[in-house]
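# Survey of secondary and tertiary structure
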Amino acid sequence: MSTKPPTRLAVDEKGYGRARSRSPSPSRRKKAHKSKRQEDGTLSKGHSDSGEQTLKEKSKDNDIFLLPSSDYQILGVLTVIALCVRLFKIYQPSSVVFDEVHFGGFATKYIKGKFFMDVHPPLAKLLITLAGWLAGFDGSFDFKEIGKDYLAPGVPYVAMRMLPAVLGILVVPIIFLTLKAAGNSTATASLGAGLVIFENGLITQSRLILLDSPLVTFTALTALAWTSFLNIHEQGPSKAFGANWWFWLAMTGLGLGATVSVKWVGLFTIAWVGSLTVLQLWLLLGDTKNVTPRLWFKHFLARVFCLIVIPLGFYMLMFAIHFLCLVNPGDGDGFMSSEFQATLNSKGMRSVPADVAFGSRISMRHHNTQGGYLHSHNHMYPTGSKQQQITLYPHKDENNQWLLENETNPDTGIEGYDTITPPNLVFDGATVKLYHISTDRRLHSHDVRPPVTEEEWQNEVSAYGYKGFEGDANDLYRVEIVKHLSDGPEAKKRLRTIQTKFKLVHVMTGCVLFSHKVKLPDWGFEQQEVTCAKGATLPNSVWYIENNEHPQLKEGAELVNYKNPGFFGKFWELQKVMWRTNAGLVESHAWDSRPPSWPVLRRGINFWGKDHRQIYLIGNPIIWWSSTAAVAIYLAFKAFAVLRWQRGYADYSFTNFRRFDFEVGVAVLGWGFHYFPFYLMERQLFLHHYFPALYFAIIALCQVFDFTTARIGALGLNRRPAIGWTIATIFLGLSIAAFTLYAPLAYGNPWTKAQCNRVKLFEDWDWDCNTFHNSLSEYDNVVAAPSGVLASTPAPVVTQNSQGSEGEPGAPNTTPLAEELRDAHQIPGAGVPERQRVVAQEERIEYRDQDGNILDEEQVKALEGKVEFHTRYETRTRLLDEAGREVPAESSRVAGPLVDGANPETPKVGPVEGGLPPRVDAETESDADAERGRAEASPASDGLHETQ
């Protein structure tokens, strides 16, 4: 009687396996049995791999609420250390840094309620705004450029920076608890927390008004909740649907919603959790012994609700708050449709007649490029025909008004249309002329190249004629209704306000009225170009009528208005605009980098530079390289394990082998989901995009450490916990040493050229060591304090205001923070020659006109109520000898004023369109430093795109 070879099953920690139809050789079977016996003998008591101990280990509850009190004490100490590291000199620098230009500016717009468009969801920006508002920020500061001073205008920038800083601090206890929830030792959890504390890149990002600290925090919260849920799930079906089970599953969904509401990078976190959820459901489906079909569907629906409905609901709630805050028109409404814009204050439109007739006064909008108005003004093209300009203008204006004429006018002229009863409606195929009401010229085109787009297939469009001139053949256009874009059967037959989408075909040349995203130069006021294109693409050649007035279409006439899109319509439209804008960020940036360089820390980002100090985003090389090595170790392990599994080895019968594969694999999967998708993106990318992936890489590093020191018995380290603590302490000490070496770049602290060059390991680490002084003592040779702290001299600038508004000059900043900074920065006598000392501080107010001329009291009094005053702060240092004589600064060894308090020239204020005076804000840097700052540090484009 023959016997079949025994079936061989390789089982992982979840119970799934693959049957092998061949029996291993006797030698291999003997080797596997020996290996298993050796592992069983070397395991510690808490990690035994035999019989009942295995079942007990698999059901071990790593509940983070049931940790020993010593763990909570260690957690508290680590959190306090993180607080000190993150908040150290958080007031430094006292000027705008990198993308604070964008995200601080968004806070201003939230407070003023001005609609803006950003490629990121609103949660983190709302939180930053809330922090600023609670600290008294009124939205008067515009954050418009890197290096702009915070102190003089009294911006509560420290409170706004505290929000990302506090969230950055929270990552420390979160990673500690996550590692404990995964079953790691306290030494491993402490190591992970310590690595997060002293990671230079995470420190730099969390101390500024930026989004990456909230992003990493909510990603970490999601990982904690999911790990805790896995802990309960692995205890068996009996634990399902309990209170803790529901709590951690719902918290995972809430974390996913918060993460994706900060940045769309949260979609990668959703993909990570989603893939593991699919694996869970697949394994539950195969557990026919414990999971019935009815129970499986209960698992499925619970996950749908918690991991889809809750995140989506939270995400939409953030946009609902976003819309409630932004009710006024702003820089971003030009990105949105006319229906969307009509929901903003003062952008709404009264209902107007639906039918369009000859003689109607109309305004036309472009259907595609953010719906600008067909516009003309009394300015000529500098080249080409040199006739009057035709542009696309995004705002309502009287120069958008046109009168719709027939091919031939009544005998009484264009005024005769008002008396025709009933008025003649405009049908598809009608030939029309457009008369510009404010300049008495008609829309015109001819075979002349446009001034900007000088292509053969483009003709210039101009306004031509004069009052009383009946026009010529080049003024004629044929109406062609685009039926599939028009709303309703009547709108497909004749022109109807809003509902009909149509093209205007030039009768003489056959070209089509066209506009695209090309801006005219300064002579065209940077408005959008309008041309007549031959073979124009449909979206850019479609127009519709928004406003319609006619004396014969009033009483009883059918009225129309924009449909209110409602919340869901606005929400979906904004998502599409964000997606298109995000995908369009393809221009290069001075400090962008590509994904292959991130894991090896090839290049950072220059955030800020001033006063011989610099903030440069660079990671801790010890932490980055070791975490990348841990990922590489796991990938090599996995490849080797798959090969051995295919060859029939029984490695997966060992608990530690399975647990290493699963636990480290979950972390590496999170790293991969947050890293590899960036290879598919052509948009601008920066080092900070790697931070979520870095977090998972640190977890993987800690888990590799834990298995090495606390679980694998072959090395014998699991029987000596002190060795694990020692190794963790040594490694953490090396990380702290590296942190200390690069800390000046994170905090903007004094540094020397020699110290800088000593730690600059690669040419790609392109911060400028020449920025720093030769010795630290040179930083002490400063008598003046930061701008607005000591000798703030308000110098209001007077500009003409046609509206007669009046402002008051501001007062110097005397907040407690300013006092603290004064004490910190003022070093009396440092570098001052003998017999010279600082004896007094002086404040005075000067009134200057737009040319910088000083005005006397009578002139100021005469201008009261007629002009607008803007405050400018300047700091000056005067040196006096003992006799009270002023000593020129050049003759002393005292450094001049801090760059923050330099004395720039008062810029000449020129007139602006609309009669509103330009605002002259406080300058905070010298011309040379400003030029260098623009060259060296510029905000990333992924924070703001409102360029139309």
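What comes next is a walk through the structure.

Rules of the game
- Residue positions are given per chain, counted from 1 along the sequence in the order it is written.
- Whole-chain, interface and lining totals are the exception, using all residues; otherwise, since this is a predicted model, local features are given only for residues with pLDDT of at least 70 and side-chain atom pairs are given and counted only at 80 or more.
- Side-chain metrics rest on all non-hydrogen atoms present in the structure, leaving aside hydrogens and water.
- A run of H or I in DSSP counts as a helix once it spans at least four residues, and a run of E counts as a strand once it spans at least two, with each numbered from the N terminus.
- Residue contacts follow a heavy-atom distance rule, with two residues in contact if any of their heavy atoms lie within 4.5 Å.
- Computed with a 1.4 Å probe, the accessible areas rest on the Shrake-Rupley method; for each residue, only the protein chains presented here act as cover.
- The angle between two axes is taken between their N-to-C directions and runs from 0 to 180 degrees, where each axis is a line fitted to C-alpha atoms and a helix contributes only its stretch in contact.
- Relative orientations are named as follows: roughly parallel for angles under 35 degrees, roughly antiparallel for angles over 145 degrees, roughly perpendicular for angles from 65 to 115 degrees, and oblique for any other angle.
- Crossings are sorted by hand: turned counterclockwise from the far helix by less than a right angle, the near helix makes the crossing left-handed, and turned clockwise it makes it right-handed.
- In this count, Pro and Cys sit with the nonpolar residues alongside Ala, Val, Leu, Ile, Met, Phe, Trp and Tyr, while Asp, Glu, Lys and Arg are called charged and the others, Gly among them, polar.
- Any two cysteine sulfur atoms lying within 2.5 Å of each other are counted as a disulfide.
- Any Lys or Arg side-chain nitrogen found within 4 Å of a carboxyl oxygen on Asp or Glu counts as a salt bridge.
- The buried label goes to any residue with under 20% of its type's maximum accessible area, the exposed label to any with over 50%, and the partly exposed label to all in between, with areas taken from a 1.4 Å probe on protein chains only.
- One less than the residue count of a helix, multiplied by 1.5 Å, gives the span that helix is expected to have.
- Side-chain atoms within 4.5 Å link the members of a nonpolar core, which is a set of buried Ala, Val, Leu, Ile, Met, Phe, Trp, Tyr and Cys residues.
- Between any two strands, pairing holds if DSSP finds at least two bridges.
- Patch membership requires over 30% relative accessible area and the absence of a salt bridge. Like charges are linked within 9 Å, and nonpolar side chains (Val, Leu, Ile, Met, Phe, Trp, Tyr) within 5 Å.
- Geometry of aromatic contacts follows a simple scheme: Phe, Tyr and Trp rings, the Trp one being its six-membered ring, pair when their centres are within 6.5 Å, and the pair is stacked under 30 degrees between planes, edge-to-face over 60, tilted otherwise.
- Charges are assigned to positions over rings by a cutoff of 6 Å between ring centre and Lys NZ or Arg CZ, combined with an angular limit of 35 degrees from the ring normal.

## Comments concerning the overall build of the protein
Broken down by element type, the protein carries 22 helices and 26 strands. Of the contacts made within the protein by residues no fewer than 6 positions apart, 76% connect residues no fewer than 24 positions apart. Approximately 41700 Å² of the protein is accessible, and the part contributed by carbon and sulfur atoms is 58%.

## Overview of the packing of helix α6 (residues 157-181) against helix α17 (residues 691-711)
For the pair α6 and α17, interaxial distance at closest approach is 11 Å and the crossing angle is 45 degrees. The pairing of α6 with α17 is recorded here as oblique in orientation. Every pair of crossing elements has a handedness; the one defined by α6 and α17 is right-handed. Facing α6, whose interface residues are Val 171, Ile 174, Ile 175, Thr 178 and Leu 179, α17 presents Tyr 695, Ile 698, Ile 699, Cys 702 and Gln 703. Taken together, the residues of the contact of α6 with α17 sort by class into 8 nonpolar, 2 polar and no charged.

## Regarding the state of the cysteines
In total, this model carries 2 disulfides according to the counting rule given. Each sulfur in the disulfide pair Cys 511 and Cys 532 lies 1.9 Å from the other. Between Cys 511 and Cys 532, the S-S dihedral sits near 100 degrees, and the bridge is therefore right-handed. Of this pair, Cys 511 sits in the loop between β12 (502-506) and β13 (512-519) while Cys 532 sits in strand β14 (residues 528-533); the two residues are 21 residues apart in sequence, bridging distant segments of the chain.

## As for the pattern of salt bridges
As enumerated under the stated definition, the model contains 27 salt bridges in all. With its nearest N and O atoms 2.7 Å apart, the salt bridge here joins Glu 405 to Arg 442. Within this pair, whereas Glu 405 is found in strand β7 (residues 402-406), its partner Arg 442 is found in strand β9 (residues 441-446), the two being separated by 37 residues in sequence. On the basis of relative accessible area, Glu 405 is assigned to the buried category, the value being 0%. Overall, Arg 442 belongs to the buried group, its relative accessible area being 3%. Linking Arg 494 and Glu 490 is a salt bridge whose minimum nitrogen-to-oxygen distance equals 2.6 Å. Judged by relative accessible area, which is 32%, Glu 490 ranks as partly exposed. Connected through salt bridges with shared partners, the residues Glu 234, Arg 659, Glu 663, Asp 706 and Arg 711 form a single ionic network.

## Overview of helix α7 (residues 186-197)
Between its first and last C-alpha, α7 extends 16 Å over 12 residues, near the 16 Å set by a 1.5 Å rise per residue. Within α7, 12 of the 12 residues are buried, which leaves it mostly tucked inside the rest of the structure. Within α7 the residues assigned to the buried category are Thr 186, Ala 187, Thr 188, Ala 189, Ser 190, Leu 191, Gly 192, Ala 193, Gly 194, Leu 195, Val 196 and Ile 197. Each element contacted by the buried residues of α7 is listed here: α3 (69-87), α6, α8 (200-206), α15 (621-646), α17 and α18 (721-747).

## Regarding the nonpolar core
Phe 143, Trp 226, Phe 607, Trp 671 and Trp 767 are the most contacted members of the largest nonpolar core, which has 164 residues in total. Examining the composition of this core, we find that 14 residues originate from one element, α17, more than from any other. Sequence-distant contacts of Trp 671, that is, excluding residues within four places in its chain, are made with Val 631, Phe 676, Tyr 690, Ala 693, Phe 696 and Ala 697. Trp 402, Val 461, Leu 504 and Trp 543 belong to the second largest nonpolar core, which has 33 residues in total.

## What about the environment of Leu 75?
Relative to the elements of secondary structure, Leu 75 occurs in helix α3. Judged by its relative accessible area of 12%, Leu 75 falls in the buried class. Put simply, Leu 75 and Pro 173 are 98 residues apart on the chain and 6.2 Å apart in space, counted from C-alpha to C-alpha. What Leu 75 contacts, discounting residues up to four positions off in sequence, is Pro 173, Phe 176 and Leu 177.

## Quick notes on the pairing of strand β10 (residues 458-464)
Burial within β10 is extensive, with 6 of its 7 residues counted as buried. Across 2 bridges, strand β6 (residues 388-393) lies against β10 in antiparallel orientation. Its bridge partner being in β10, Gln 389 is matched across the sheet by Ser 462. As paired elements, β9 and β10 share 5 bridges and run antiparallel to each other. Bridge pairing in β10 places Leu 443 opposite Ala 463. Both β10 and β14 contribute to a ladder of 3 bridges, which runs antiparallel. Residue pairing for β14: Glu 460 is matched across the bridge by Thr 531.

## Re helix α9 (residues 212-233)
Relative to the 32 Å expected for 22 residues at 1.5 Å per residue, α9 spans 31 Å between its end C-alpha atoms, a close match to the ideal helical length. In terms of residue burial, α9 counts as a mostly covered element, since 21 of its 22 residues are buried.

## Re the side chain of Ser 261
Among the secondary structure elements, Ser 261 is positioned in the loop between α10 (243-260) and α11 (266-286). In this view, Ser 261 contacts Pro 121, Pro 122, Leu 123, Ala 124, Phe 314, Tyr 315 and Met 318; residues no more than four positions away in its chain are not counted.

## Things to note about the side chain of Gln 703
With respect to the helices and strands, Gln 703 occurs in helix α17. Contacts of Gln 703, omitting those with residues within four sequence positions, involve Leu 179, Ala 182, Asn 184, Glu 663, Val 664 and Ala 667.

## Considerations on a nonpolar patch on the surface
Together, Phe 65, Leu 66, Tyr 72, Phe 247, Met 251 and Leu 254 make up an exposed nonpolar region whose accessible area comes to about 570 Å². Within the fold, Leu 66 resides in the loop between α2 (51-58) and α3.

## Concerning the packing of aromatic side chains
Scanning the model with the defined rule gives 63 aromatic pairs in all. Judged by centre distance (5.5 Å) and plane angle (85 degrees), the ring pair of Phe 268 and Phe 678 falls under edge-to-face. Taken together, the residues Phe 268 in helix α11 and Phe 678 in the loop between α16 (655-673) and α17 connect sequence positions 410 residues apart. As far as burial versus exposure is concerned, Phe 268 and Phe 678 are alike and both buried. Ring plane angle 80 degrees and centroid distance 6.1 Å describe the contact between Tyr 381 and Trp 523, whose orientation is recorded as edge-to-face. One end of the pair, Tyr 381, is in the loop between β5 (373-380) and β6; the other, Trp 523, is in the loop between β13 and β14, with 142 residues separating them in the sequence. Owing to a relative accessible area of 4%, Tyr 381 belongs among the buried residues under this scheme. The partly exposed category is assigned to Trp 523, whose relative accessible area is 28%. An aromatic cluster of at least three residues, connected via ring pairs, comprises Phe 268, Trp 598, Trp 624, Trp 671, Tyr 675, Phe 676, Phe 678, Tyr 679, Tyr 690 and Phe 691. Over the ring of Phe 141 we find Lys 148, and its NZ or CZ is 5.0 Å from the ring centre.

## Some words on the packing of α17 against α18
For the pair α17 and α18, interaxial distance at closest approach is 10 Å and the crossing angle is 150 degrees. What the angle tells us is that α17 and α18 run roughly antiparallel. Seen from above, α17 lies across α18 with right-handed handedness. Contacts between α17 and α18 pair Leu 701, Phe 705 and Thr 709 from the former with Gly 724, Ile 727, Ala 728 and Phe 731 from the latter. Considered class by class, the residues forming the contact of α17 with α18 number 5 nonpolar, 2 polar and no charged.

## Focus on unusual backbone geometry
For the bond running from Gln 92 to Pro 93, omega is 0 degrees, close enough to zero to count as cis. Following the sequence through the fold, Pro 93 ends up in the loop between α3 and α4 (100-112). Look at the link from Thr 421 to Pro 422: it is a cis peptide, with omega at -10 degrees. Topologically, Pro 422 is positioned in the loop between β7 and β8 (431-436). Of note, the phi angle at Ser 346 is positive, near 70 degrees, even though the residue is not glycine. Relative to the helices and strands, Ser 346 is located in the loop between α13 (338-341) and β3 (352-353).

Nothing here speaks to function; it is geometry throughout.
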